Structure formats: C-alpha cells, structure tokens
Amino acid sequence: MSFFASDYFPDTRRVLVPPGLQETFEQWEKGDFKERTAGQSTVMTSMYATHNPTVAIVSAATAAATFGVGTFMLVGQNGMILGTLIHEVRPYGRVGFLLSQIGPHGVPEISGLLVAGASGFVMGWALIHPGRRRRGDALKVAGKDAVVLLATGVCLTFIAAPIEGFFSFNPNVPSALKIGVAITEILAWAAFWVFYGRDSVASAAA
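The model shown is predicted, which means the values in this text are computed figures rather than measured ones. Residue indices follow the written sequence of each chain, beginning from 1 at its first position. A pLDDT threshold of at least 70 governs which residues receive local features in this predicted model, and a stricter bar of 80 or more applies before side-chain atom pairs are shown or counted, although totals over entire chains, interfaces and linings include all residues. Water and hydrogen atoms were dropped before computing side-chain values, which therefore reflect all heavy atoms in the structure.

### Overview of the overall build of the protein
The helix count covers DSSP runs of H or I at least four residues long, the strand count covers runs of E at least two residues long, and both are numbered beginning at the N terminus. A tally of helices and strands in the protein yields nine helices and zero strands. Helices and strands in the protein line up, N terminus first, as α-α-α-α-α-α-α-α-α. Overall, the protein is about 55 × 40 × 30 Å in size when its C-alpha atoms are taken along their principal axes. Put simply, the protein has 206 residues, and 33% of those count as buried. If you take every contact in the protein between residues at least 6 apart in sequence, the share linking residues at least 24 apart comes to 79%. Per-residue and other accessible areas were derived by the Shrake-Rupley procedure at a 1.4 Å probe size, with only the shown protein chains allowed to occlude residues. Summing over all exposed atoms, the protein offers an accessible surface of approximately 12,400 Å²; the carbon and sulfur share of this is 68%. A simple rule labels every residue: compare its accessible area, found with a 1.4 Å probe on the protein chains alone, to the largest value its type can have, and call it buried under 20%, exposed over 50%, or partly exposed in between. What makes two residues a contact is simply this: any of their non-hydrogen atoms within 4.5 Å.

Here it is in structure tokens:
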C-alpha cells in the first residue's frame, strides 16, 4: 500500500519516509555498502542478536496487552517502510539489489517477528473470545501455545543475526548467491512448517 501511495500520491512521502531513516534511504539509493572487517561483523551480529529478539518479544507483549492492535500496527509500520523503500530505490534500478541484500536474513528475521507476533495474537484472542472460560483461565490455556510460538520466533531472529552480520551485507558475496540462499531458506522453512510434528500429531490422534 505504501508503494502505491508513494506512486500515486507523492505528497505522502513526507509521512511514509521517517526523518530518521532519510540517510538510510539515500544509502540504499546509491547501493554503496562498505566491506566490514571480521570485528565489525561480529559487533553488528551481537547488536542484531540483541535488538531483533527484543523486537520480537515486544511484538508479542504488545499484542497481548492491546488485544492484537499494537502488533498489527508494529508489523504494518515495518511493512510500510519496506514498501516505501522499494519505491524509492526503483528509479535507481536498485530493487533487485535491495531484495538480494535483505533476503538472506529477512526470511528468518521477518518470519520470527511474525511468529512472535502470532503468540501475542493468541493471547489477545483469548481475552477477546474466552468462550465459557474465565479470561484468566483462557489465558492460561492459550499461554502454552503462545510460549512455544514466542520461543520459536525469538530463535528465528537469533538465526538471522549472524546471517545479517556476516553474509547479507557483504559486498564480496555475489547477489545471485544471496538470492539463492534466500530461496533455499524459504523452501526449507516451508517444508519445516508443513511437515514437522505431523507424524506425532497423527499418532496421538490414532
């Protein structure tokens, strides 16, 4: 939506491009990222390993506390920034470059944020629709699934950290390889979500 809004209503750019990210947007337009040393990559990995799981936890907590509205806004805001960024780099022919740079770590990172947010939605739904239970009891029941989802989401963001720190923004790695890694990750995680635990569930049902 932000991509098309920027296209058809140029004045919305003042709202869609946060002032604090203007410099980052310009850097993406140039496509100029300097090579990091091993030490710098390690520092950035540590930062990502701290920041991203924190965002995942906040996303879950926000959903539980606001009946899901807070997480919907948080995820929407991130999507808005990404859509606007794609629009901004398009005239410079940098869309493919952008996707290749964020793809390798974006697959587990964005998945982790969505799964963590889903844990909050589970809690929020228990508050909205407790059924015949008291809301406190409904939260206890929903909490079991919510904890598993949150832990999974946090693990995914941890997995993304070293990929982002050492691989995604490494100018020495060909873009084709980065895209190949991102596609492989999508297929591998899709297989995991579809097939993992299915045999145990079927056995329990039998």
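### Some points on the pattern of salt bridges
Pairing between side chains of opposite charge can happen when their charged atoms approach one another. Salt bridge criterion: a side-chain nitrogen from Lys or Arg within 4 Å of a carboxyl oxygen from Asp or Glu. What the rule picks out here adds up to one salt bridge. Taking the shortest distance from any N to any O, the salt bridge between Asp7 and Arg90 comes out at 2.9 Å. Of this pair, Asp7 sits in helix H1 (residues 2–8) while Arg90 sits in the loop between helix H5 (69–89) and helix H6 (95–128), and the two are 83 residues apart along the sequence.

### Some thoughts on the packing of aromatic side chains
The rule is short: rings of Phe, Tyr and Trp, with Trp giving its six-membered ring, pair when the centres are within 6.5 Å, and they are stacked under 30 degrees, edge-to-face over 60, tilted in between. Inspection of every chain in the model, using the stated rule, returns six aromatic pairs. A network of ring pairs unites the aromatic residues Trp28, Phe97 and Phe169 as a single cluster. Cation placement over rings: the criterion is NZ of Lys or CZ of Arg within 6 Å of the ring centroid and within 35° of the ring normal. Of note, Arg94 hangs over the ring of Phe97, and the distance from its end group to the ring centre comes to 5.9 Å.

### Observations regarding the nonpolar core
As a rule of thumb, soluble globular proteins bury nonpolar side chains together. Core analysis: the largest hydrophobic core is formed by 11 residues, namely Val17, Phe25, Trp28, Phe33, Tyr48, Ile81, Leu85, Val89, Leu98, Ala161 and Phe169. Looking at this core element by element, the count peaks at three residues for H5. Discounting residues that sit within four places of it in the chain, Leu98 has contacts with Trp28, Leu85, Ile86 and Val89. What we call a nonpolar core is a set of buried Ala, Val, Leu, Ile, Met, Phe, Trp, Tyr and Cys residues that are connected through their side-chain atoms within 4.5 Å.

### Side note on the layout of surface pockets
Space left empty within the atom packing is revealed by a probe, the size of a water molecule, rolled over the atoms. Taken as a whole, the largest pocket encloses approximately 1,300 Å³ of empty space. Every residue lining the largest pocket is counted, 35 residues in all, and those nearest its centre are Asn78, Ile102, His105, Glu109 and Glu164. Elements represented by at least two residues in the lining of the largest pocket include exactly helix H3 (22–30), helix H4 (38–65), H5 and H6. A total of 10 residues in the lining of the largest pocket trace back to one element, the largest contributor, which is H6. Classification convention: Asp, Glu, Lys, Arg as charged; Ala, Val, Leu, Ile, Met, Phe, Trp, Tyr, Cys, Pro as nonpolar; all other residues, Gly among them, as polar. Among the residues forming the lining of the largest pocket, the class breakdown is 21 nonpolar, 10 polar and four charged. The space that makes up the second largest pocket amounts to roughly 150 Å³. Cavity means a closed set of points on a 1 Å grid over the protein atoms alone, one where a 1.4 Å probe fits but cannot get out, pocket means an open set with protein on both sides within 12 Å along at least 5 of 7 lines, and lining means a residue has an atom within 4 Å of a point. Grid points are joined across faces, edges and corners, and a volume is the space filled by probe spheres set on the points.

### Details of a nonpolar patch on the surface
The patch calculation keeps residues exceeding 30% relative accessible area without a salt bridge and links them within 9 Å when they carry like charges or within 5 Å when they are nonpolar (Val, Leu, Ile, Met, Phe, Trp, Tyr). There is a patch of nonpolar side chains on the surface, built from Val69, Phe72, Met73 and Phe121 and spanning about 450 Å² of accessible area. The biggest single contributor to the nonpolar patch is H5, with three residues. Assignment of secondary structure puts Phe72 in helix H5. The exposed category is assigned to Phe72, whose relative accessible area is 63%.

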